[in-house]
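A structural walkthrough
Single-letter residue listing:
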Amino acid sequence: MKGNWSIVRQVLHRRFSTLRSSTPSSRLSIFARPLVLPPNSTSSLIARNSLFTASTIGPSIDFNFSNTSLPHLRNFGSEAGGENGVVIVKSEEEFINAMSKAQDESLPSIFYFTAVWCGPCRFISPVIVELSKQYPDVTTYKVDIDEGGISNTISKLNITAVPTLHFFKGGSKKGEVVGADVTKLKNLMEQLYK
């Protein structure tokens, strides 16, 4: 094994020594020497005031984060959000309470079963937020199937895919949408809750 490393060292030494000898020394000196500027020259002011080191070739624009508008970044998580009429369920107790409100108290509600890793859930999440704004009397419960305490309770509901939405009205389950079918979701909500 020791012999193999010495061969590798010899090969690398040969390659780098030929690289150094093939590069003209005048070229190396251009890249190796530091840029020295008089303190009050335009180039030194640009270099001091900009985010990036300015070159002396071409014009430079001062860059300041405080006056730059950054594009609005979209959240790529599957969260529909805690506000806007969507209630995030994080424990088995919360899930049982929400289910009893839907079944026993006959409150119109939607159970949105999702997962953080689910691409279609991320696609349909903004649609669910918008629909929860359109139907303020309907409570939407967002349930992450990977939450520790909830997974046992969810297994009893036969959730086989995400996103899955269960629609409750009058104390019983009236419909189900499996997958990110936006038109089916909108039509079912309009049919049940208008």
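Just so it is clear, the model here is predicted, and its values are computed rather than measured.

What counts as what
- Residues numbered from 1 in each chain as written.
- Predicted model: local features only at pLDDT ≥ 70, side-chain atom pairs only at ≥ 80, totals over all residues.
- Heavy atoms only, no water.
- Helix = DSSP H or I, 4+ residues; strand = E, 2+ residues; numbered from the N terminus.
- Buried < 20%, exposed > 50% of the residue type's maximum accessible area, 1.4 Å probe, protein only.
- Contact = heavy atoms within 4.5 Å.
- Core = buried A, V, L, I, M, F, W, Y, C linked by side-chain atoms within 4.5 Å.
- Pairing = 2+ DSSP bridges.
- Disulfide = S-S within 2.5 Å.
- Phe/Tyr/Trp six-rings, centres within 6.5 Å; stacked < 30°, edge-to-face > 60°.
- Salt bridge = Lys/Arg side-chain N within 4 Å of Asp/Glu carboxyl O.
- Axes fitted to C-alpha atoms, helices over the stretch in contact; angles between N-to-C directions.

Observations regarding the overall build of the protein chain
Of the regular secondary structure elements, the protein chain holds 7 helices and 5 strands. In sequence order, the protein chain lays out its α and β elements as α-α-α-β-α-β-α-β-α-β-β-α. Residue burial in the protein chain is summarised as follows: out of 194 residues, 29% are buried. Within the protein chain, contacts between residues at least 6 apart in sequence are counted, and of these 65% link residues at least 24 apart.

Considering the nonpolar core
Nonpolar side chains tend toward joint burial in soluble globular proteins. Within the largest apolar cluster, 21 residues are counted, with the highest numbers of intra-cluster contacts made by Ile110, Ile124, Leu165, Phe167, Leu185, Met189 and Tyr193. Counting residues per element, this core draws most heavily on helix H7 (residues 182–193), which supplies 6 residues. Each residue touching Leu165, except ones within four places of it in the same chain, is listed here: Ile110, Phe111, Tyr112, Ile128, Gly175, Glu176, Val177 and Leu185. Met99, Val143, Ile150 and Phe168 belong to the second-largest nonpolar core, a separate cluster that totals 13 residues.

Quick word on the side chain of Thr140
Mapped onto the elements, Thr140 comes out in strand S3 (residues 139–144). Discounting residues that sit within four places of it in the chain, Thr140 has contacts with Gly85, Val86, Val87, Ile110, Tyr112, Ile128 and Ser132.

Topic: the pairing of strand S4 (residues 164–169)
Two faces belong to every sheet, and in a regular strand the side chains alternate between them. Most of S4 is tucked away, with 5 of its 6 residues classed as buried. Sheet analysis places strand S2 (residues 109–114) next to S4, joined by 5 bridges and oriented antiparallel. The residue bridging Ile110 from the neighbouring strand is Phe167, located in S4. Here S4 hands over to strand S5 (residues 172–178) after 2 residues, with Gly170 in that stretch at a positive phi of 65°.

Examining the state of the cysteines
The final tally for this structure, using the stated rule, is 1 disulfide. At a sulfur-sulfur separation of 2.5 Å, the disulfide partner of Cys118 is Cys121. With the S-S bond torsion at 80°, the cross-link from Cys118 to Cys121 turns out right-handed. Comparing Cys118 with Cys121, the two get one shared label, buried.

Some words on the packing of aromatic side chains
Two numbers describe a pair of aromatic rings. These are the distance of the centres and the angle of the planes. As enumerated under the stated definition, the model contains 5 aromatic pairs in all. Ring centres 6.4 Å apart and planes at 20° place the aromatic pair Phe111 and Phe113 in the stacked group.

Concerning the pairing of S3
Counting buried positions along S3 yields 5 of 6 residues, so the element is predominantly enclosed. When strand S1 (residues 86–89) meets S3, the two strands line up parallel, connected through 4 bridges. For Val87, the partnering residue across the bridge sits in S3 and is Tyr141. Sheet topology note: the S2/S3 ladder contains 6 bridges and is parallel.

Thoughts on the pattern of salt bridges
Scanning all chains against the criterion turns up 2 salt bridges. In this structure, the salt-bridge partner of Glu130 is Lys133, at a minimum N-O distance of 3.7 Å. Taken together, the positions of Glu130 and Lys133, both in helix H5 (residues 119–134) and 3 residues apart, correspond to about one turn of that helix. Here Glu130 falls in the partly exposed class, since its relative accessible area comes to 46%. Across the pair Lys173 and Glu176 runs a salt bridge, and its minimum N-O distance is 3.3 Å. For Glu176, a relative accessible area of 35% puts it in the partly exposed group.

Regarding the sheet that holds S4
Read from one edge of the open sheet, 5 strands run S1-S3-S2-S4-S5, paired in mixed fashion. The open sheet is flanked by S1 and S5, the only strands paired with a single partner. Ignoring strand direction, the axes of neighbouring strands in this sheet form an average angle of 20°. Relative to S2, helix H4 (residues 92–103) is tilted by about 145°, and along the sheet it contacts S1, S2, S3 and S4. Across the sheet, H7 is in contact with S2, S4 and S5; its angle to S4 comes to roughly 10°.

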